[in-house]
Amino acid sequence: MKVLFRITVLAVTLAAITITGACAKKKVAQVPPPPPPAPAAPAVSLTAHPDTLTSGQPAVLTWTTSNAADVTISGVGSVVASGSKQVKPTESTTYELTAKGPGGERETSARVTVTQSTATSAPGLTDQELFARSVKDVYFDYDKYTIRADEAHITAADAKFLNEHPNLVIVIEGHCDDRGSEEYNIALGDNRANTAKTDLVKLGIDPSRIKTISYGKEKPFCTADDESCWQQNRRDHFTAALH
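Since the structure is predicted, the reported quantities are computational estimates derived from the model, not experimental observations.

Let us now look at the overall build of the protein. Regarding its fold elements, the protein presents 5 helices and 12 strands. Burial statistics for the protein: of 243 residues in total, 30% are counted as buried. Partitioning the contacts of the protein with sequence separation of at least 6, the portion at a separation of at least 24 is 67%. Accessible surface, the protein as shown: approximately 14,500 Å² in total, 57% of it carbon and sulfur.

This is how it looks when you write it as structure tokens:
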């Protein structure tokens, strides 16, 4: 009887182990890995400067893109992912940028409005006299040398006149108000003059026609000690001579 009892207990134990092992094998289900993230959609921007000009005057298209493998601009063709290019539209043109990548396609545009050229002229006036009448100074904010948004049309108009009078060379004088040291203002005036030069070159003026000089606070246009006077002294002043 003892032998039979031991055999029965052993059989029950083995059966329990078998059942437990079978359950252990079944309790963990394999979870599939998550799908990879979707590719990011392209990001795009496109600007034109200036966006209003006369026929024959250049504009500069500037663009940036990301997550794009193929970038094209209408009227220009395939371009690098980010860059700039000078264009000379003869009529009002909308430049459309298309960027394609693994994450899809994005478009944006910039319009350049072209107006009919009207050369500046007046009977009996020399080109230098016309220059003095037509070309305007550019003004700056305190301690800044970037051209303000409300002054951008001034450099565009100055460039238009210079494009129509290629026999003139100009000097851009950088000026400052009387706050700050002499050395600091000389450097600030130099930056202001070269900022205007860079803008005019982008607008099609040959850099060999432009010279720059900084007077800092040495030659003020106004001597009162207030903001309205200081504003008059924070400027680029233009003078001209025959080529």
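Next, the rest of the story.
Here the focus is the nonpolar core. Core analysis: the largest hydrophobic core is formed by 19 residues, its most contacted members being Phe 131, Phe 161, Leu 162, Ile 170, Ile 172, Leu 200 and Phe 238. Listing elements by their share of this core, those giving two or more residues are helix H2 (127-134), helix H3 (152-164), strand S10 (168-175) and helix H4 (182-202). Per-element tally for this core: the top contributor is H3, with 4 residues. One finds Val 71, Leu 97, Ala 99 and Val 114 within the second-largest nonpolar core, a separate group that totals 16 residues.

To continue, consider the pattern of salt bridges. Scanning all chains against the criterion turns up 9 salt bridges. The partner of Glu 164 in a salt bridge is Lys 160, with the nearest N and O atoms 3.2 Å apart. Of this pair, Glu 164 and Lys 160 both sit in helix H3, 4 residues apart, which is roughly one turn of the helix. One salt-bridge network, held together by shared partners, links Asp 141, Arg 148, Asp 150 and Glu 151.

Here the focus is the packing of aromatic side chains. Each aromatic ring pair is specified by the distance between its two centres and by the angle formed by the two planes. Applying the stated criterion to the full structure yields 1 aromatic pair. Relative to Phe 161, the ring of Phe 131 lies with its centre 6.1 Å away and its plane at 65°, an arrangement referred to as edge-to-face. You can see Phe 131 sitting in helix H2 and its partner Phe 161 sitting in helix H3, a full 30 residues away along the chain. Phe 131 gets classed as buried once you look at its relative accessible area, which sits at 4%. Exposure remark for Phe 161: the relative accessible area of 3% places this residue in the buried category. Sitting over the face of the ring of Trp 230, Arg 179 holds its NZ or CZ atom 3.8 Å from the ring centroid. Across from the ring centre of Phe 221, 3.7 Å away, lies the NZ or CZ of Arg 235, which sits over that ring.

It is worth spelling out the pairing of strand S3 (residues 59-66) at this point. As defined by bridge partners, strand S1 (residues 43-49) adjoins S3 across 7 bridges and the pair is classed as antiparallel. Across the sheet, Ser 45 pairs through a bridge with Thr 64, a residue of S3. Examined bridge by bridge, S3 and strand S6 (residues 83-87) share 5 bridges and lie antiparallel to one another. Bridging from a neighbouring strand, Val 60 pairs with Gln 86 of S6.

Reading across the sheet, the 3 strands line up as S1-S3-S6 and stay open at both edges, with antiparallel pairing between neighbours. Where the open sheet ends on each side, the last strands, each with one partner, are S1 and S6. Geometrically, the sheet is characterised by an average inter-axis angle of 15° between neighbouring strands, direction not taken into account.

A covalent bond between the sulfur atoms of two cysteines is what we call a disulfide. Under the criterion given, the structure shown has 1 disulfide. Linked covalently through their sulfurs, Cys 222 and Cys 229 form a disulfide whose S-S length is 2.1 Å. Taking the torsion about the S-S bond as the criterion, the Cys 222 to Cys 229 disulfide, at about -130°, is left-handed. Owing to a relative accessible area of 1%, Cys 229 belongs among the buried residues under this scheme.

Definitions and cut-offs
Residues numbered from 1 in each chain as written. Predicted model: local features only at pLDDT ≥ 70, side-chain atom pairs only at ≥ 80, totals over all residues. Heavy atoms only, no water. Helix = DSSP H or I, 4+ residues; strand = E, 2+ residues; numbered from the N terminus. Buried < 20%, exposed > 50% of the residue type's maximum accessible area, 1.4 Å probe, protein only. Contact = heavy atoms within 4.5 Å. Areas by Shrake-Rupley, 256 points an atom, 1.4 Å probe, with all protein chains shown as cover. Core = buried A, V, L, I, M, F, W, Y, C linked by side-chain atoms within 4.5 Å. Salt bridge = Lys/Arg side-chain N within 4 Å of Asp/Glu carboxyl O. Phe/Tyr/Trp six-rings, centres within 6.5 Å; stacked < 30°, edge-to-face > 60°. Lys NZ or Arg CZ within 6 Å of the ring centre and 35° of its normal. Pairing = 2+ DSSP bridges. Axes fitted to C-alpha atoms, helices over the stretch in contact; angles between N-to-C directions. Disulfide = S-S within 2.5 Å.

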